[in-house]
Structure formats: structure tokens, C-alpha cells
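# Remarks on the overall topology
As a plain string of letters, each chain reads:
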Amino acid sequence: MSQLSQRPEKPVVGLPLPHESAGLHVTGAALYTDDLIHRTKDVLHAYPVQVMKAHGRITALRTGPALAVPGVVQVLTGDDVPGVNDAGMKHDEPLFPDTVMFHGHAVAWVLGETLEAARLGAAAVEVELDELPSLVTLSEAVAADSFHGARPVMLAGDVDAGFADSAHVFTGEFQFSEQEHFYLETHAALAHVDEAGQVFVQSSTQHPSETQEIVAHVLGLHSHEVTVQCLRMGGGFGGKEMQPHGFAAVAALGAKLTGRPVRVRLNRTQDLTMSGKRHGFHASWKIGFDTEGRIRALDATLTADGGWSLDLSEPVVARALCHIDNTYWIPNARIAGRIARTNKVSNTAFRGFGGPQGMLVIEDIMGRCAPLLGLDPTELRERNFYREGQYTPYGQPVTQPGRISAVWEQVKEKGGLADRRREIAAFNAAHPHAKRALALTGIKFGISFNLTAFNQGGALVLIYKDGSVLINHGGTEMGQGLHTKMLQVAATTLGIPLHKVRLAPTRTDKVPNTSATAASAGTDLNGAAVKNACEQLRGRLLEVAGTQLGASASDVRIVEGVARVLGGDRELAWDDLVRIAYLQRVQLSAAGFYRTEGLHWDAKAFRGSPFKYFAHGAAAAEVEVDGFTGAYRIRRVDIVHDVGDSLSPMIDIGQVEGGFVQGAGWLTLEEMRWDTGDGPHRGRLLTQAASTYKLPSFSEMPEEFHVTLLEHATEEGAVYGSKAVGEPPLMLAFSVREALRQAAAAFGPAGVSVELASPATPEAVYWAVEAARAAAAPSTGTAAPTALSNA
């Protein structure tokens, strides 16, 4: 077993502990960025000047009327920027634009003594616009050939030969919707400047180092003149990976110009209309199967709706291409990706980062093709699982194919699927107006950033003379339990009780050049860095203990806060050991670092091994559909998920549950709608509140919800044998969508292939039910249009 994955005696990792801030969360004592304004004197409030047109060139911007509003202190415009007027890493996102690119684009910001004064001032700013044609939908952008960014193509084998060898060839299209992050805490930043000109920004950001970089270049400063801190976030889900930077820069610019603290906090409508979503996609595809139902070839084009700027669209599309295989071997593939440029908010990272979109395409294909092949969908999926020695289409070996089957078979057994399917068949036979279905789907999700340079983490660990320990690391806490795991890793590595360890807020002047807390890599990168720092300290302390105990350092172990010699009875308490080390002038601080080994990626050739390992899982979902309305309920869900050897089982189970529910929301409920007409509100987001954007609630939760973590699943080469958990469980929700498809099909004849929109709202399910019924009706002499054809 590797040093990184091996656990010592009596580890703190592996214990089912509650979230380290759970008590603060439930009592309301936890502080978030916007809570800090009540502890800060003379704060100014910033309010955006939004232009409610989808596209147009600004011909006049008059700020005088705003300055006449009582309480307005300043109006920030592009003329005030001392550095670079851009808030993006691609330099395509002007902080103060001269061209409006989406409905609700902020072109200036008003600073007021109160939020109400700033709001009234923003309403008084006069903006004149030369309106331009806008592209609101993905299809409009494709028709206009409006694309930006890279157009990767992933090739494997010989696609033409694969289709020639196929007994069955099908073609189709599939378009699916965006998803709103809807974190409880909207975007927020608070900035102030000290007497030396040092800029300090409190930001709700998943990527403090990049927020620091953007703030510095907007202000024309070096990074060492800007410090960014993130206490915690009230949710992020990827929406705070790239998009907080501009809001932090506005706050910092205001503070620099006025000499007073400046607060930016979007209300819910502003957040919904100004920040990006999960990318909606369109897929066109052609797939070939042999006589046994095994995939021979896949040719597909994935088009993402990138919105007005690139943001993270290029790596999102790259990850979508890398995950279109999911758990299935595709020997011959040609997959193209492209990014449509539309006049909408710039879409961005969202839990799964393109992986869900790619995997949804292949799962939709399997669900649609299984009836046409005369196979049960579960059987079709099983026949195409990866096996030993096989490679992904981008050339990475699948090193644990046995886990694909292991989680799958455990779900079958634990969920009693065979008996329940017989019960469902009996129910459906007896109920003409309601149908049930049970679907089983699996996942294979790659863990690491596609960009190799991001796969590094840092930490700073300090031991004080009294034996207490303070850890700093580069990861941010958004409710996912990262800090809890880091405390457990530190306590385990040092061999001390958990109460001895405290964690400091994430900030750029403690750990520099950190990667975003994203890609499910937060624990892998920061945990290994914390472990590295603690190992340095433990090594120094073992030398001191060995001298005190009359033994070699290699024969001393520190367990539960006591240093002991192997096979002996002499011991030294942790607090005494630390005090002795201090008196001997032994360094009691250490900077830890970790870089993920074994990764390589050629973005142009689209080949390599971009992932450290794959996380696996399987889920079975049972649903019941009402044939009159399309309304449905999720009766039961059974999940077995692979997190390696869990660092914190309670945290991990919570992540699996939460990820599944968020995935089910994307696939079944959360429908984003935009005004696509030619009227004055073209491009406006219509679902801009919780009243119109349907989020999953308790009523949508499964009546029975069983989650099991795969046992005896140590991951070599990862911190204490664990695996990432943040993103992969979201894709387990494919089982719900596939169950809805099968339930709708049950209203028609055997072997009917049902197309199902995404999200599969009750309305969409109703139309799928109607299509299935129509397949049983006598022919009218006209062929029903279909996206599937058997070549």
C-alpha cells in the first residue's frame, strides 16, 4: 500500500463525524461574507445598473442624475478602472462593457450610503443603446454559425469500419436544458483598503487565488498587494468558481476610489439574471450495434450553449467529450465538440462540469435504442460495460472495470430488483391508467482537472507551544464538508485527538497559487498537502521523542496524543513533546504541497490520461406515472457508491444524497425559460425566482432512499485510500429519468422506443405517454416523425 493511502493506528479519518460547522449552521451563528458588513464601519453599498436588452451598443451613459440622488457617493464606470477593464481569464468579459451582450448586463455600478440609495441611483442612470440583433437560443446560434473557443474532436479506432460492421445503426438528436445553481447565498464580496494601500477582499468564491488575480489586474496592482479570504459559502456548485471575480473587483475598485469599505451582494433576481448556469447542450448522433447489442461505433457532435463569453466553456466541453462513454466501451468513436455564442449570461461550471452532459447523451441513446434492439435496457447496459484491458476513446486505460459491475450487482442484490420487477409487472397489468417502472444506471467519472497544472494543492500547518494545531489549506468550504475532512486528515497524520486541531479561513496570504475547489479534487489535493505538512512536523517531533525516550525515531509512534516506543512502556504526552521541541528550537510550522502524479493530456490531439482514477456508482430508481396528467413520484431509490475508503462516512453519504437530488432536479424539474419572441423583452430570463423555477423539495424526495458506500475499496495513491465524492453522485439521477421513460413506454405496446425531453417535467412525461399510446393506435396512413431511424 502506498504511503499516501496507508492509514496509521487508530486514525481519526473514517469516523462518521458531523460537519465541523453544523452547530453554527443550524443556530445561525455561522458567518458568511455579507454578515461581515455589520462588523465593518462606514460600508458603502454597490448596486448594478442593468440594461434590459439582449444586445446593443451603448451610445450614451449619463451618471449625473444618479449623483443627484441623496446618499449616492459615486458611480463606477470603465473610466475609473486603473488597470485592465476585464473580469475574465480569457479577457473577453469587460467589467464595464460598451456593448450589452445579454438581457440584464451590468454596465455601471452605483455606490450609496445605503442599499436603497444605491438602488435609486442605479435607476436614475441614463443609458442610451443602439440595439443589435440577438441570438437567444442554441438553434439560432447554430443557424447563424455563431461559435467561439476551441472545437475539439476525439477520435478512437476506425469509425467508418465500425459502422460497416454494425448490424443495427440508429441516428438521433437530443437537446437538454441549462440548470441554475440556486445556492442559498447569492454572490457577495466586501472589500477595504488599509493605510498601506493593501486591498483585502472577503469573497464568496471557490477560487480565491483567481479572484485575487482578477482584482489585481483590474486595479493595476501585483498579486501581493491583494489578499482574498473566503470564510465559507452558502453553496457554490461551480457557480462561484469563475463568476465571483468581477463582483469582487467592483467592490475592490469602489474601496480603492473612495477609501471606504464597499459591499456587493446580489439579490436573488440579480443573481439569476446576471450569473451563468450549467450549459445546455444539443447532441446529434449516430450509433452502431452488433447482433449482440454491443456498441461498434459512435459518431456525435455536442454543441454547448456558452452564452456571451467563454468563461469555462472550453474545459466543460472537453470533459463532456471525455465522459460520453460513461461505463461503456466504444471501440470506434468520432466525437466533436463546439461552443455556441448566444446573447445570454455566460454559462459556467456546475457540479459535474460537462461530465453529466456527455454521460446523459449516451444514457439517452441506450434508453432509446434498447427497445429497438429487443433488449431490456439493463441487459443492454451490462453487455457494454468496460472490461479488463480496455481503453477510453481518449486513450486512458480503465483500471478498475470490476467496480462498474461490483456496484451494479450490489444494487441489484440490496434493492431486491428481481422480485420488485415482477411486482411492477403485476401492478402495470392491473392498472391501465398508472404505470410503474424500475431503471438501473451506473457511472464512471474521472477525477482530476483536465488542465494538468491545476492538479496541485498547498497547506500551512502551525503547531503552537501549548500543543494546539492550526491548519490552513487552499480549499474552500461551500457546505460539502471539506474542512471536516481536512481536520480529520491532520489529526490522523499527527496522531492527536481531533479537538487539538483548528482550521483557519481560506486566504491567499497563507497558501498561494491555489486551484479552485472544483473537479471533486478538493480533498485529494488539499488533503494530500495537509498530510505532507503534518508528516514533516511529525518527522521532526519523532526525532525529539526518540531522544527523550532513548530510542530511534523510527521506533516511535504517536497515537491518540501520546508518543510511545514500539514494544516498550515509556511514553511522552503530546503537549510535553511539543514544549520540549520548542525549547530545542525545532521548527513547528511546515508548508505542505502535493501534485497529482501520472497525469498527461494533449488538448490538441485530445488524448492522454487526464484523470488520476475513476469514481463509480450505480443507482436503481422506481417511479410511478399517472397516465392522465404525466405527474409522477419517485417511490424508491437504491444507491451503491464508490468513495474508496471513506475519510468521513457521514459527510460522504450526505454528498451522495444531495448530489442525487440535485441531479434529479436538473433532469426532471428545473426548466429554464427565456423570452425568445421578437418583442421588447427578448432575451429576458422568464424563470427568475423560486416561484417560477422549480427546485426539488421534500415532496420530490424518494419515499425510500437507501445509500450504501462500497466496502473494501481502498484507492491506492489517494489520501488515506479515499476517493472524491462531490460530483459523481449527481449522475446517479439518470436512473430516475430512465425509469420515467420506461414507465411512459409501458402505456404503449412492447418494444416501443420513447423519446423523453429533459427536464422530464410532468408535461414532458405526459407527451411521452401520449406518444407511447399512439404507437398502439391503428395507423392513420401518415408516418409519425421520429428522431430515430434504423439504417
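What the protein chain contains, in helices and strands, is 19 helices and 30 strands. Principal-axis analysis of the C-alpha atoms gives the protein chain an extent of 90 × 80 × 50 Å. Taking all 791 residues of the protein chain together, the buried fraction comes to 60%. Contacts in the protein chain between residues at least 24 apart in sequence constitute 81% of all its contacts with a sequence separation of at least 6. If you sum the accessible surface of the protein chain, you get close to 29,200 Å²; carbon and sulfur atoms cover 53% of it. Side chains of the protein chain carry 70 positive and 87 negative charges; the gap between the two charge centres is 2 Å.

With that settled, the discussion passes to the nonpolar core. By size, the foremost hydrophobic cluster in this structure holds 105 residues, and its most contacted members are Trp285, Ile287, Phe289, Leu298, Leu302 and Ile335. A per-element tally of this core places strand S27 (residues 613-626) first, with 9 residues. For Ile287, the contacting residues outside a window of four places in its chain are Phe163, His168, Val169, Phe170, Ile295, Ala297, Leu298, Ile362, Ile365 and Cys369. Ranked by size, the runner-up nonpolar core spans 53 residues in total, among them Phe449, Ala491, Val501 and Ala545.

Now for the sheet that holds strand S21 (residues 556-559). Strand order in the open sheet formed by 3 strands is S21-S22-S23, with antiparallel pairing between adjacent strands. The sheet is open, and its two borders are formed by S21 and strand S23 (571-573), each paired with just one other strand. Recorded for the sheet is a direction-independent mean angle of 20° between the axes of neighbouring strands. Pairing geometry for strand S22 (residues 562-565) and S23, over 3 bridges, is antiparallel. Along S23, the bridge assignment pairs Ala563 with Leu572. Sheet strands touched by helix H16 (residues 574-583): S21, S22 and S23. Its angle to S23, the strand with the most contacts, is close to 80°.

Alignment of strand S28 (residues 632-641) against strand S29 (residues 704-709), held across 6 bridges, turns out to be parallel. In the strand pairing of S29, Asp638 is matched with His706. Following the backbone out of S28, through helix H17 (residues 649-668) and into the adjacent parallel S29, one traces a crossover that is right-handed.

Following Ser758, the chain continues into Pro759 via a peptide bond in cis, with omega recorded as 10°. The topology assignment puts Pro759 in the loop between helix H18 (734-745) and helix H19 (762-776). With a phi angle near 50°, Asp311 is a residue other than glycine that sits in the positive phi range. Relative accessible area serves as the criterion here: at 4%, Asp311 is assigned to the buried category. In this model, Tyr720 sits at a positive phi of 50°, which is unusual for a non-glycine residue. Position of Tyr720 relative to the elements: it lies in the loop between S29 and H18. According to the relative accessible area criterion, Tyr720 is buried, its value standing at 2%.

With mixed pairing, 4 strands are arranged side by side in an open sheet as S16-S27-S28-S29. Strands with a single pairing partner mark the edges of an open sheet, and in this sheet they are strand S16 (434-447) and S29. In this sheet, adjacent strand axes meet at a mean angle of 15° when their direction is disregarded. Relative to S16, helix H13 (residues 417-430) is tilted by about 145°, and along the sheet it contacts S16, S27 and S28. Across the face of the sheet, H17 comes into contact with S28 and S29 while running at roughly 130° to S29.

With 98% of its residues at a pLDDT of 70 or more, the protein chain has an overall mean of 96. This model gives residues 780-791 a pLDDT under 50, and the stretch forms 20 contacts once residues within four places in sequence are excluded.

With that settled, consider helix H14 (residues 482-494). Count 3.6 residues to each turn of an α-helix, and residues three or four apart come out pointing the same way. A rise of 1.5 Å per residue sets the reference length of H14, with its 13 residues, at 18 Å; its end C-alpha atoms lie 18 Å apart and thus fit the reference within 8%. Burial analysis of H14 places 13 of its 13 residues in the buried class, the great majority of the element. Just downstream of H14 lies Gly495, where phi reads positive at about 80°.

At a closest axis distance of 10 Å, the pairing of helix H15 (residues 522-549) and H16 adopts a crossing angle of 100°. One way to sum up the angle between H15 and H16 is to call them roughly perpendicular. Contacts from Leu541, Val544, Ala545 and Gln548 in H15 reach Trp574, Leu577, Val578, Ile580 and Ala581 in H16. Across the contact of H15 with H16, the residue classes tally to 8 nonpolar, 1 polar and no charged.

The next subject is the pairing of strand S11 (residues 226-230). The buried fraction of S11 is high, at 5 of 5 residues. Because side chains alternate across S11, one face comprises the buried residues Val226, Val228 and Cys230, and the other comprises Thr227 and Gln229, equally buried. Where strand S10 (residues 199-203) meets S11, 4 bridges bridge the pair, whose relative direction is parallel. Along S11, the bridge assignment pairs Val201 with Val228. Handedness of the crossover joining S10 and S11 through helix H6 (residues 208-219) is recorded here as right-handed. In this structure, S11 lies alongside strand S20 (residues 506-507), joined through 2 bridges in antiparallel fashion. For Cys230, the partnering residue across the bridge sits in S20 and is Thr506.

Further remarks concern the side chain of His181. Within the secondary structure, His181 is located in the loop between strand S8 (168-176) and strand S9 (188-193). At 2.7 Å, the side chain of His181 forms a polar contact with the backbone oxygen of Ala349. Those residues in contact with His181 that lie beyond four places of it in its chain are Gly236, Phe237, Gly238, Gly239, Gly276, Lys277, Arg278, Thr348, Ala349, Phe350 and Gln662.

Applying the stated criterion to the full structure yields 16 aromatic pairs. With a centroid separation of 6.3 Å and 10° between ring planes, the pair formed by Tyr328 and Phe385 is classed as stacked. Note that Tyr328 is positioned in the loop between helix H9 (313-322) and strand S15 (333-341) and Phe385 in the loop between helix H11 (377-383) and helix H12 (401-414), a separation of 57 residues in sequence. In this pair, the class of Tyr328 matches that of Phe385, namely buried. Ring geometry for Phe660 and Phe705: centres 5.5 Å apart, planes at 55°, overall tilted. A residue pair is termed long-range when its members are at least 10 positions apart, and Phe660 in helix H17 and Phe705 in strand S29 qualify at 45 residues. Take Phe660: its relative accessible area is 1%, and that puts it in the buried class. Geometry around Phe182 places Arg268 over its ring, the cationic atom sitting 4.5 Å from the centre. Lying across the ring of Phe747, Lys435 places its NZ or CZ 5.9 Å from the centre.

Parameters and conventions
- Residues numbered from 1 in each chain as written.
- Predicted model: local features only at pLDDT ≥ 70, side-chain atom pairs only at ≥ 80, totals over all residues.
- Heavy atoms only, no water.
- Helix = DSSP H or I, 4+ residues; strand = E, 2+ residues; numbered from the N terminus.
- Buried < 20%, exposed > 50% of the residue type's maximum accessible area, 1.4 Å probe, protein only.
- Contact = heavy atoms within 4.5 Å.
- Areas by Shrake-Rupley, 256 points an atom, 1.4 Å probe, with all protein chains shown as cover.
- Lys, Arg positive; Asp, Glu negative; His and termini not counted.
- Charge placed at Lys NZ, Arg CZ, Asp CG, Glu CD.
- Core = buried A, V, L, I, M, F, W, Y, C linked by side-chain atoms within 4.5 Å.
- Pairing = 2+ DSSP bridges.
- Axes fitted to C-alpha atoms, helices over the stretch in contact; angles between N-to-C directions.
- Right-handed = clockwise from strand over helix to strand, strands pointing away.
- pLDDT = per-residue confidence, 0-100.
- Expected span 1.5 Å × (residues − 1).
- Parallel < 35°, antiparallel > 145°, perpendicular 65-115°, else oblique.
- Nonpolar A, V, L, I, M, F, W, Y, C, P; charged D, E, K, R; others polar.
- Polar contact = N/O pair within 3.5 Å; in protein donor to acceptor, adjacent residues only side chain to side chain.
- Phe/Tyr/Trp six-rings, centres within 6.5 Å; stacked < 30°, edge-to-face > 60°.
- Lys NZ or Arg CZ within 6 Å of the ring centre and 35° of its normal.

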